[in-house]
Amino acid sequence: MNQLDALRQWTTVVADTGDFRQLAQFKPQDATTNPSLILKAVQKADYRPLLDEVVQKHKGAPIDEVIDRLLVRFGTEILSIIPGRVSTEVDARLSFDTQATIARAERIVALYREQGIDVHKRLLIKIASTWEGIEAARQLELKGIHCNLTLLFSFAQAVACGAAKVQLISPFVGRIYDWHKKSQGTQWDEAANAGANDPGVKSVRQIYDYYKKNGIATEVMGASFRNVGQIAALAGCDLLTISPELLAELAASDAPIAHALDAEAAQRLAIPKVSLDEAAFRFALNEDAMATEKLAEGIRAFAADAVKLEKLMET
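Residues numbered from 1 in each chain as written. Predicted model: local features only at pLDDT ≥ 70, side-chain atom pairs only at ≥ 80, totals over all residues. Heavy atoms only, no water.

A. Quick peek at the overall build of the protein. The secondary structure content of the protein amounts to 15 helices and eight strands. A buried classification covers 54% of the 315 residues belonging to the protein. Partitioning the intrachain contacts of the protein with sequence separation of at least 6 by distance along the chain shows that 68% fall at a separation of at least 24. Surface summary for the protein: the accessible area is close to 13600 Å², and the carbon and sulfur share equals 52%. (Helix = DSSP H or I, 4+ residues; strand = E, 2+ residues; numbered from the N terminus. Buried < 20%, exposed > 50% of the residue type's maximum accessible area, 1.4 Å probe, protein only. Contact = heavy atoms within 4.5 Å. Areas by Shrake-Rupley, 256 points an atom, 1.4 Å probe, with all protein chains shown as cover.)

Printed below as a string of structure tokens:
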């Protein structure tokens with residue numbers, strides 16, 4: 001049994017890509033996209049015709065609507081290949097505007113419905129884990145629109161998402177690892193911070209154990225991996241979203257993988273439930289320098305790629 005098949009014993013495998021032609025070989029259950037992955041895809045000769053087709057078909061429509069139609073075009077193609085759900089992201093420039101996020105999410109849902117997609121079962125709306133984004137997701141979930149809260153780096157963000165009863169969160173393992181490695185500089189010990197000791201892995205484990213101990217139904221999907229060691233150390237997490245490159249690496253290896261995260265074991269831990277109002281959330285996030293920096297950096301990067309995507313459409 002290769003590592004990818006071994007992982008599937010305990011964890012739902014999700015592909016993290018806009019390159020849907022790569023999907024079939026790995027047989028993921030779900031797939032996630034983001035503006036950066038879509039931008040990367042449409043710059044390839046295989047996918048540029050999709051962008052041109054959407055632009056031509058909706059010439060004269062507002063650029064933000066054309067962007068959403070492109071995202072839905074990719075999402076619909078992905079859904080024709082996978083059996084599960086696709087995550088489609090709301091424009092990161094709306095990350096601090098609850099009502100605008102809700103409106104954009106509802107338009108994306110309507111566009112999927114036009115394509116005959118069962119949005120309740122097959123779509124997750126991806127939103128940045130700001131206070132405003134989490135509140136938007138809370139309201140969307142009440143309307144039956146399921147959400148994937150992304151750019152999640154801190155326990156406080158996870159607590160707020162669980163309280164909002166969002167469907168799924170995506171804690172970013174690799175970017176947490178990147179921050180700690182950079183901040184420690186020459187003092188960083190790669191071997192000592194690998195596997196279960198990786199700071200990104202430890203963050204996801206803390207969130208997973210907290211949710212399972214306290215009966216929080218929100219799914220935990222580890223994301224943003226730098227190496228297969230991080231993935232192996234989270235075997236047993238509800239879901240893991242993995243790039244095609246790392247999926248291929250897992251499929252090519254038969255090294256053993258152990259069951260690392262366990263819901264029953266988590267229920268035996270002494271972990272009190274936490275409650276955060278807006279002020280407490282903002283203070284806790286502010287106290288976490290890594291999470292504050294990576295959240296802001298992630299929103300800026302996704303926003304910049306959305307602008308690049310718009311410029312491609314205008315050329």
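More follows now that the structure is in view.
B. The arrangement of the sheet that holds strand E2 (residues 30-32) in detail. If you walk around this closed barrel you meet the eight strands as E1-E2-E3-E4-E5-E6-E7-E8, and the pairing is parallel. Neighbour to neighbour, the strand axes of the sheet diverge by 30 degrees on average, direction disregarded. Taken together, the two bridges between E2 and strand E3 (residues 86-89) define a ladder with parallel strand orientation. What sits directly across from Ala31, in E3, is Val86. (Pairing = 2+ DSSP bridges. Axes fitted to C-alpha atoms, helices over the stretch in contact; angles between N-to-C directions.)

C. Looking closely at the layout of surface pockets. Its boundaries defined by the atoms lining it, the largest pocket holds a volume of some 500 Å³. When residues of the lining of the largest pocket are traced back to their parent elements, those giving at least two are helix H2 (35-42), strand E8 (239-242) and helix H12 (244-251). Counting residues per element, the lining of the largest pocket draws most heavily on H2, which supplies four residues. In the lining of the largest pocket, the residues fall into ten nonpolar, eleven polar and eight charged. (1 Å grid on protein atoms, 1.4 Å probe; cavity = no way out; pocket = protein on both sides within 12 Å on 5 of 7 lines; lining within 4 Å. Points joined across faces, edges and corners; volume = space filled by probe spheres on them. Nonpolar A, V, L, I, M, F, W, Y, C, P; charged D, E, K, R; others polar.)

D. Highlighting the packing of helix H3 (residues 48-57) against helix H15 (residues 289-314). Across the interface, H3 lies against H15 with an axial gap of 10 Å and an inter-helix angle of 70 degrees. Relative to H15, the element H3 lies roughly perpendicular. Of H15, the residues touching H3 (which contributes Arg48, Leu51 and Val55) are Leu309, Leu312 and Met313. A per-class count over the contact of H3 with H15 returns five nonpolar, no polar and one charged. (Parallel < 35°, antiparallel > 145°, perpendicular 65-115°, else oblique.)

E. Structural view of the environment of Lys57. Within the fold, Lys57 resides in helix H3. Classification of Lys57 by relative accessible area gives exposed; the value is 64%. Each C-alpha atom of the pair Lys57 and Glu310 lies 16 Å from the other, and the pair is 253 residues apart in sequence.

F. Layout of the packing of aromatic side chains. Counted according to the given criterion, the structure contains eight aromatic pairs. On the basis of an interplanar angle of 35 degrees and a centroid distance of 5.8 Å, the ring pair of Tyr47 and Phe74 is categorised as tilted. Within this pair, whereas Tyr47 is found in the loop between H2 and H3, its partner Phe74 is found in helix H4 (residues 63-79), the two being separated by 27 residues in sequence. Pair check on accessibility: Tyr47 and Phe74 agree, each one buried. Counting every residue linked through ring pairs, the aromatic cluster contains Phe20, Tyr47 and Phe74. The positively charged end of Arg21 is found above the aromatic ring belonging to Tyr47, 4.8 Å away from the centroid. (Phe/Tyr/Trp six-rings, centres within 6.5 Å; stacked < 30°, edge-to-face > 60°. Lys NZ or Arg CZ within 6 Å of the ring centre and 35° of its normal.)

G. Main features of the pattern of salt bridges. Under the defined criterion, the tally for this structure stands at 25 salt bridges. Note that Asp91 and Arg93 form a salt bridge whose closest N and O atoms lie 2.7 Å from each other. Taking relative accessible area as the criterion, Asp91 reaches 11% and is therefore assigned buried. Here Arg93 falls in the partly exposed class, since its relative accessible area comes to 38%. A salt bridge links Lys143 to Glu106; the shortest N-O distance between them is 2.7 Å. With Lys143 in the loop between helix H7 (131-142) and strand E5 (147-152) and Glu106 in helix H5 (residues 98-114), this pair connects stretches of sequence that are 37 residues apart. Taken together, the shared-partner salt bridges connect Asp64, Asp68, Asp91, Arg93, Arg104, Arg107 and Glu310 into one network. (Salt bridge = Lys/Arg side-chain N within 4 Å of Asp/Glu carboxyl O.)

H. Layout of the packing of helix H8 (residues 155-163) against helix H14 (residues 278-287). Contact pair H8 / H14: the axes reach a minimum separation of 8 Å and the direction vectors enclose 155 degrees. Judged by the angle between their axes, H8 and H14 are roughly antiparallel. Along the contact surface, H8 presents Ala156, Gln157 and Ala160, while H14 presents Phe281, Ala284 and Leu285. Among the residues forming the contact of H8 with H14, the class breakdown is five nonpolar, one polar and no charged.

I. Focus on unusual backbone geometry. You will see that Leu151, though not glycine, has its phi angle at about 50 degrees, which is positive. Under the relative-accessibility criterion, Leu151 is labelled buried at 1%. Of note, Ser224 is a non-glycine position whose phi angle comes to about 60 degrees, a positive value. Looking at the secondary structure, you find Ser224 in the loop between strand E7 (219-222) and helix H11 (228-232).

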